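The chain contents come next:
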Amino acid sequence: MIQASNITLRFGKKALFEEVNIKFTEGNCYGIIGANGAGKSTFLKILSGELEPTKGDIIITPGQRLSVLEQDHFKYDEFMVLDTVIMGNQRLYEIMKEKDAIYAKEDFTEEDGIRASELEADFATMNGWEAESDAATLLNGLNIDTDLHYKMMSELSGSEKVKVLLARALFGNPDILLLDEPTNHLDLDAIRWLEEFLINFENTIIVVSHDRYFLNKVCTHTVDIDYAKMQLYAGNYDFWYESSQLMIKQMKEANKKKEEKIKELQEFIQRFSANASKSKQATSRKRALEKIELDTLRPSSRKYPYVDFKPNREIGNEVLTVTNLSKTIDGEKVLDNVSFTVGHDDKIAFVGSYGIAATTLFQILAGEMEPDEGDYKWGITTSQAYFPKDNTKDFDSSDTIVDWLMPFSPEKDATYVRGFLGRMLFSGDDGLKKVNVLSGGEKVRVMLSKMMMLGANALIMDEPTNHLDMESITSVNNGLIKFPGVVLFTSQDHQFIQTIANRIIELTPNGMIDKVTTYDEYLDSDEMARKRQALS
């Protein structure tokens, strides 16, 4: 059990949390939700002890071990991968190292023997003999190949390090598990493995995530942070959403009834207050009126950008033909003889763990890279807008947001652009910010603004949900559902893919699977599972 007791956190005069009391119990998974800046990650830091609250205490059941998903990807660069995972149980790792040091001594004393015996007992109690195999199982589940287990962390890629740090957090069956955005940078297979792991985890889990499907799948409870308070709901994200909407509806209906009662009493008082025979009743009703209080309905602090892709012209029947495209990058054949045709109703999700293939394909289709072999042809009625996974070069400029967007605007007017930005949550002087200092989420919203201004009828979007909060993801999701054109996209958000795509293409190092189906049907199909197995 872990409990927050009267937790208050202030930065100057602003209170991020105010008198928060909440208890997290064994056997449950708690999803922490709230708008960007509400303090989700900060609250995890308070629970872990990394950050001291202004007031209040964190209470943990004595003897329980707490494990945290580390965010510093370079912290363990000097350690071997397998050791990094085992270090998730720091006490076990210390026993292993001390034991090895004693046995390595040339002048092994009687005291060393006694100490080694004590360590061996503790080692056995903590399942030390299974430590390496348990760590390997976690790594393999997250698609970290066995040949990487004995490499140094510094030799791994960024996405591989993320998986190792996740395995480290999960290692050794911790009593309390704190996970901040655990699905970030994971491929879809790894996310599915993690979902199953957490569903079967019997201790306490507290997780922050922007992945709605993930929260629905693993969470038994939802904690909503709003207005410096926390409200606990029994149920997953969808249950929270329905419950919160129902509460708002009920409060509105209750207020409406109260307003009607107030109006009735006011009319009676006005009619009879001067009438001596009715004065007692009028006074009584006046007292009743004074006791009626309307519930204060505070609008949620969550803000949703307005995302609406409106093509300037209708798309024709001939959209895109890709013929025998091949591309080699740094000696690796990323695309090998890829061919497919896109129809005018297609919304295609490119899925799978081989993400570089889709990114390379999108760069070619957007005209940013030339293929080594093969070609592609867009239909004459099409116009394209491209959302890159890496937008670093797009924002390598000292222009303001308004100036950066002006060339793409249908109206070359700063007032129009600022109005457009207002709908994308850039208010007041935000439009005068330099684009090279924007946060990841701000850059995505600016890029989406550009795409909407262009009015294209074919959208190429490589991981558009990265860096966005849940509200922005929902807006982009809904915008693409109702978009009448063609979409080619990648995403790690299960719900995003399931609700948008009507066709799935998986590019693997050994071939391509192309199926007109929903994402859930694709994942559950035995036929597709066999094909993926054969191509892996």
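Just so we're clear, the structure is a prediction, and the values are computed from it rather than from any experiment. (Residues numbered from 1 in each chain as written. Predicted model: local features only at pLDDT ≥ 70, side-chain atom pairs only at ≥ 80, totals over all residues. Heavy atoms only, no water.)

Some thoughts on the nonpolar core
Proteins that are soluble and globular tend to have nonpolar side chains buried together. Stated formally: Nonpolar cores were defined as sets of buried Ala, Val, Leu, Ile, Met, Phe, Trp, Tyr and Cys residues, with membership established by side-chain atoms within 4.5 Å. A simple rule labels every residue: compare its accessible area, found with a 1.4 Å probe on the protein chains alone, to the largest value its type can have, and call it buried under 20%, exposed over 50%, or partly exposed in between. Under the DSSP-based scheme used, a helix requires at least four consecutive residues in state H or I and a strand at least two consecutive residues in state E, with every element numbered from the N terminus.
Ranked by size, the top nonpolar core spans 97 residues in total, and within it F309 and L459 carry the most contacts. Sorting elements by how many residues they give to this core places helix 14 (residues 440–454) first, with seven residues. Among the nonpolar cores identified, the runner-up in size contains 27 residues, and A358, L361, A458 and L507 belong to it.

A look at the sheet that holds strand 9 (residues 229–234)
Here is the rule: Here, any two strands with at least 2 DSSP bridges between them count as paired. Axis definition: a line fit to C-alpha positions, over the contact stretch in the case of helices; interaxial angles, taken between N-to-C directions, run 0 to 180 degrees. By definition, residues are in contact when any of their heavy atoms lie within 4.5 Å.
Judged by pairing direction, the sheet is mixed, and its six strands sit side by side in the order 5-6-7-3-8-9 without closing on themselves. Of all the strands in the sheet, just strand 5 (66–68) and strand 9 have a single pairing partner and so form its edges. With strand direction ignored, the average angle separating the axes of adjacent strands in the sheet is 20 degrees. Two elements, strand 6 (residues 176–180) and strand 7 (residues 204–208), share five bridges in a ladder whose sense is parallel. Counterpart to I176 in the pairing with strand 7 is T204. Strand contacts of helix 9 (residues 237–272): strand 3 (29–34), strand 8 (221–226) and strand 9, with the helix running at about 110 degrees to strand 9, the strand carrying the most contacts.

Overview of empty space enclosed by the protein
The condition is simple: Any residue with an atom within 4 Å of a point lines the site, the site being either a cavity, points on a 1 Å grid over the protein atoms alone where a 1.4 Å probe fits but cannot get out, or a pocket, an open set with protein on both sides within 12 Å along at least 5 of 7 lines. Grid points are joined across faces, edges and corners, and a volume is the space filled by probe spheres set on the points. Under the scheme applied, nonpolar residues are Ala, Val, Leu, Ile, Met, Phe, Trp, Tyr, Cys and Pro; charged residues are Asp, Glu, Lys and Arg; polar residues are all the others, including Gly.
Taken as a whole and judged by the stated rule, the model has three cavities of 30 Å³ or more. Computed from the structure, the largest cavity encloses a volume of approximately 50 Å³. Along its surface, the largest cavity is lined by L188, I191, R192, E195, Y213, Q492, H494 and Y519. The element contributing the most residues to the lining of the largest cavity is helix 7 (residues 188–199), with four residues. For the lining of the largest cavity, the class distribution of residues is four nonpolar, two polar and two charged.

Some remarks on the sheet that holds strand 2 (residues 14–24)
The strands making up a sheet associate through hydrogen bonds between their backbones, and the pairing can be parallel or antiparallel. Spatially, three strands are ordered 2-1-4 in an open sheet, and the strand pairing comes out antiparallel. In this open sheet, the two edge strands, each paired with only one partner strand, are strand 2 and strand 4 (55–60). Averaged over all pairs of adjacent strands, the angle between strand axes in this sheet comes to 15 degrees, irrespective of strand direction. By the bridge criterion, five bridges tie strand 1 (residues 2–11) to strand 4 in an arrangement that is antiparallel. In the sheet register, T8 faces strand 4, and the bridge partner there is K55. Helix 1 (residues 40–48) rests against strand 1, strand 2 and strand 4 of the sheet, and its axis sits at about 60 degrees to strand 2.

Describing the pairing of strand 18 (residues 511–515)
Note that strand 17 (residues 503–508) and strand 18 share five bridges and pair antiparallel. For I504, the partnering residue across the bridge sits in strand 18 and is K515. Linking strand 17 back to strand 18 in an antiparallel pair, the connection comprises two residues.

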